[in-house]
Amino acid sequence: MSSSSVEDIPEQCKDLFTQDGVLLKASMGRPITDLNAIGMLCIVQNPDGSKCIEWRPNDLITIDSDTQDHEWAVVNTIGRRQRTLSGNITSDYATARARIIKIPLDDLKQFRVTRNNQQMQFSTKPGVWQNTFYFQHGNAEIFVAYLKNHVKTAKARHDRNTYVVVETNIETQVLNRSFAELDIFTENTTDVVWNLVTNFKQRPYETTMEAFSKLTDIVYYGNEAFTNGKRDVSEEVADLLTKSMSALEDATSVTKSDEYEVISVKPTLPPRPCIPRGHPLSTEKWDGIQDTEGRITEVEGVKQLIFRGGVAHSIRHSVWKYLLDYYPWNMTHSELRAHHKRKTEEYFSMKLQWRSMTEGQENRFSEYRDRKSLVEKDVNRTDRTHPFFAGDNNPNLVVLQDILMTYVMYNFDLGYVQGMSDVLAPLLLLLGNEVDSFWCFVGFMERIAPNFDMDQAGMKQQLLHLQQLLAFASPALARHLAAKDSGNMYFCFRWLLVWFKREFSFRDIMRLWEVLWTGLPCANFHLLICVAILDAEKDVLISKDYGFTEILKHVNDLSMYLDVDKILSTAEGIYHQVVSAPHLTDQIRIILGMPTVGPTVTDPDPEPTTSTSVQANGTDKETTDESQMNGRDMEEVMYQIGLDMNF
């Protein structure tokens, strides 16, 4: 079988996992015109039960979107664009389907993740990487975590970025298939079966009782496998476990009683610690951590203080410049003055570019004209009830508009998307200075730019991660939301898009943002903020049996009624509770930026060489530039998810 054959997609195929925003960087035998196109990387189950990895170009996904993406249409009400993000336009459906790449999992030998988790390569033949994909959001490890649910892998001894696919014997495959269909184990099913088989000889009693307890969970709590005519699978597993128990009796010489009482123990989280908030970073402490020339010493210690209690308002205008990467921590006072002068000149140079554009130029530059119109419209309705932005002919609104227009020139690939004015407003309110506000806004946007992707891949990924975190930290609430058609977490869209800007007062959002900017205590801590808010509302949502509409309204009505310090304390407690859990999965570890765990093996083959097939040349920066998205227009999306309080 070919390692990357091109075929039509059978109607009966089932997508087990999909990842948006994946570029095709290299593929043996493919024309150069196919390279650098953006598409979707999927794990697919075929009608015969076999599985494969598929890459589908965006133009094919666009054609199919009318029938395949109804759920996301609840949020995304804008029309699908008939082009890929790389600019390739294809109207011929058959041609688009012919560009699909398939990699059968039965043929997969190894894969590796490089370039800061942004590039993934696959090999079905020793010594050759046939296909290379680039993840524009740097989340290849998420795909790896799901892939490991379907193939047994081990990290290569001589290259920790390379995963070797380990072949299993027939008995292990039978167990693996049985447990997978019963959905007994929440962790990697292949790993569970591998450990079950290998551990039985060493720990027969514990291993068998563990398997029985998990099976009892399914029997007691119910499982779809028992209601979908799959009784043969449960009988198969029961028969396997019966044989194991018979072997156990022989091995351990335990006296057999007439009946066995099997006690089911569901995985539970350890107690959640109550962690009080600390005091804000004070002026005295801030001055004390600077050396005689003005350099900031003990940067990590400063971030810890800010994470624990935020920043005193009197020094926020200084500290934020460091937190948002406008000022380097190691610069002296004199170096900062020179740095500020350069940044001021750079800002006004970019501002002059759009201020000097003639009316005729604007008429011939539709993308610029559209973005300017959207900026003007949004500025006139941003925080107009706040005294700083209230009233007619308010000069602060002019500065707000000038900064956003200059950002369009700074990052034209991203441009302006509705919601950015919400992010900028607190910065301008605090800093007051146009130049400082712009560069702090640039630093903030570096963190949340994926929120504004045209294909919304960044938002979809965060909603998926939030769903997974909630299922782990608060499974009862996750089950309720799923039963009420809210498991997709779309009602949290506004929270994530503008980092809770519409949920808190200006004073509280400043405290929340500066804590999140520290990057502590883990990656994606803002998702644990979401979990903390939802966990506090769990009893109401479940006891009142809220459905989809009521959940949406209840979450929206929380705006301006949330206690920021209580939420931060709860979120930190949830973090420590989750990472201390003995059943913590690699899936959750990846979301929180923790190292994964797994076995290792020796390389079966010498280091494979990179495919010499024709591919586009370019550095990492060029790859990133190619993946940037143009032509943003998400106004309807923002209204739909309630950015303007219109649920």
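For clarity, every value in this text was computed on a predicted model and none was experimentally measured. (Residues numbered from 1 in each chain as written. Predicted model: local features only at pLDDT ≥ 70, side-chain atom pairs only at ≥ 80, totals over all residues. Heavy atoms only, no water.)

1. Details of the overall build of the chain
To keep it simple, the criterion reads: Secondary structure elements are taken from DSSP: a helix is a run of H or I of four residues or more, a strand is a run of E of two residues or more, and numbering for both begins at the N terminus. Type-normalised accessible area, obtained with a 1.4 Å probe on protein chains alone, sets the label of each residue: buried when under 20%, exposed when over 50%, and partly exposed for intermediate values. The Shrake-Rupley method, run with a 1.4 Å probe, gives the accessible areas here. Residue values count only the displayed protein chains as cover.
Scanning the chain for helices and strands turns up 27 helices and 12 strands. Considering the chain as a whole, with its 647 residues, one finds that 52% of them fall into the buried category. Accessible surface, the chain as shown: approximately 29,800 Å² in total, 50% of it carbon and sulfur.

2. Details of the nonpolar core
So the rule is basically this: In these notes, a set of buried Ala, Val, Leu, Ile, Met, Phe, Trp, Tyr and Cys residues joined through side-chain atoms within 4.5 Å is what counts as a nonpolar core. Residues are treated as being in contact if the distance between any of their heavy atoms lies within 4.5 Å.
Counting 147 residues, the largest nonpolar core has Phe122, Phe143, Leu147, Trp286, Met420 and Ile529 as its most contacted members. Other than its neighbours up to four places away in sequence, Trp286 contacts Leu281, Ile296, Val302, Ile315, Ser318, Val319, Tyr322 and Trp329. In terms of nonpolar packing, the next biggest core, distinct from the first, is built from 5 residues, Cys13, Met40, Val44 and Cys52 among them.

3. Points about the pattern of salt bridges
In plain terms, the rule: Definition used for salt bridges: Asp or Glu carboxyl oxygen within 4 Å of a side-chain nitrogen of Lys or Arg.
Under the definition given, this model contains 30 salt bridges. Close ionic contact of Arg511 with Asp565 constitutes a salt bridge, the shortest N to O distance being 4.0 Å. Note that Arg511 is positioned in helix α20 (residues 506-517) and Asp565 in helix α24 (residues 564-579), a separation of 54 residues in sequence. With a shortest N-O distance of 3.1 Å, Arg589 and Asp586 are connected by a salt bridge. Here the residue Arg589 and the residue Asp586 both occupy positions in helix α25 (residues 586-591), the gap between them amounting to 3 residues, near one helical turn. On the basis of relative accessibility, which here comes to 15%, the residue Arg589 falls in the buried class. When salt bridges with common partners are traced through the structure, they connect Asp15, Glu54, Arg56 and Lys102 into a single cluster.

4. Structural notes on helix α13 (residues 366-379)
Filter applied, for reference: A helix's residues, less one, multiplied by 1.5 Å, set its expected span. This arc is built from the directions going out from the helix axis to the C-beta atoms.
Here α13 contains 14 residues, and its C-alpha end-to-end distance of 20 Å stays within 8% of the 20 Å for a straight helix at 1.5 Å per residue. Taken as a whole, α13 has its buried residues at Tyr368, Arg371, Lys372, Leu374, Val375, Asp378 and Val379. All buried residues of α13 lie within an arc of 165° about the axis, which places them on one face of the element.

5. Overview of the environment of Gln136
Topologically, Gln136 is positioned in the loop between β8 (131-135) and α3 (140-147). Judged by relative accessible area, Gln136 falls into the buried class, the value being 12%. Residues Gln136 and Asn117 lie 19 residues apart in sequence; the distance between their C-alpha atoms is 9.7 Å.

6. Structural notes on the packing of aromatic side chains
Think of a pair of aromatic rings as described by two things: how far the centres are apart, and how the planes are tilted against each other in angle. To be explicit about the condition: A pair of aromatic rings is counted whenever rings of Phe, Tyr or Trp (Trp by its six-membered ring) have centres within 6.5 Å, and the orientation is called stacked for planes under 30 degrees apart, edge-to-face for over 60 and tilted otherwise. Lysine NZ or arginine CZ positioned within 6 Å of the ring centre and within 35 degrees of the ring normal marks a charge as sitting over the ring.
Tallied over the entire structure, the rule returns 28 aromatic pairs. Between Phe111 and Tyr163, the aromatic rings sit 5.1 Å apart at their centres with planes inclined by 15°, giving stacked as the arrangement. Of the two residues, Phe111 is situated in strand β5 (residues 110-114) and Tyr163 in strand β10 (residues 162-165); the sequence distance between them amounts to 52 residues. Judged by its relative accessible area of 0%, Phe111 is buried. When the centroid spacing of 5.2 Å and the interplanar angle of 80° are considered together, the rings of Tyr347 and Phe348 count as edge-to-face. Using a relative accessible area of 0% as the deciding quantity, one classes Tyr347 as buried. Exposure remark for Phe348: the relative accessible area of 41% places this residue in the partly exposed category. Pairwise contacts between aromatic rings join Tyr347, Phe348, Tyr407, Tyr410, Phe438, Trp439 and Phe441 into one cluster. Against the face of Trp439 rests Lys343, its NZ or CZ located 4.1 Å from the ring centre. Across the ring face of Phe412, the terminal group of Arg371 is positioned such that the distance to the ring centre comes to 4.3 Å.

7. Some points on the packing of helix α15 (residues 420-431) against α20
To be explicit about the condition: Geometry is summarised by axes, namely lines fitted to C-alpha atoms with helices restricted to the contacting stretch, and by angles between N-to-C directions that run from 0 to 180 degrees. Roughly parallel means an angle under 35 degrees; roughly antiparallel, over 145; roughly perpendicular, 65 to 115; everything else is oblique. Three classes are used: nonpolar for Ala, Val, Leu, Ile, Met, Phe, Trp, Tyr, Cys and Pro, charged for Asp, Glu, Lys and Arg, and polar for all others, with Gly counted as polar.
Running from N to C, α15 and α20 cross one another at 100°; their axes reach a closest spacing of 11 Å. Put simply, α15 runs roughly perpendicular to α20. Mapping the contact onto sequence places Asp422, Val423, Ala425, Pro426, Leu427, Leu429 and Leu430 in α15 and Phe506, Ile509, Met510, Trp513 and Trp517 in α20. Here the residues of the contact of α15 with α20 are counted per class, giving 11 nonpolar, no polar and 1 charged.

8. Quick look at helix α10 (residues 316-323)
Taking burial as the measure, the 8 residues of α10 include 6 buried ones, the bulk of the element. Along α10, the positions that sit buried rather than exposed are Arg316, Val319, Trp320, Lys321, Tyr322 and Leu323. As for α10, its buried residues are in contact with α8 (283-288), α9 (299-309), α11 (333-355), α15, α16 (434-448) and α20. Downstream of α10 by a residue or two, Asp325 has a phi angle that is positive, lying close to 65°.

9. Regarding the confidence of the model for the chain
Condition: Looking at any residue, its pLDDT shows the predictor's confidence there, from 0 to 100.
Of all residues in the chain, 69% attain a pLDDT of 70 or more, and the chain-wide mean is 77. Between residues 600-647, whose pLDDT stays under 50, and residues either more than four places distant or in other chains, the model counts 134 contacts.

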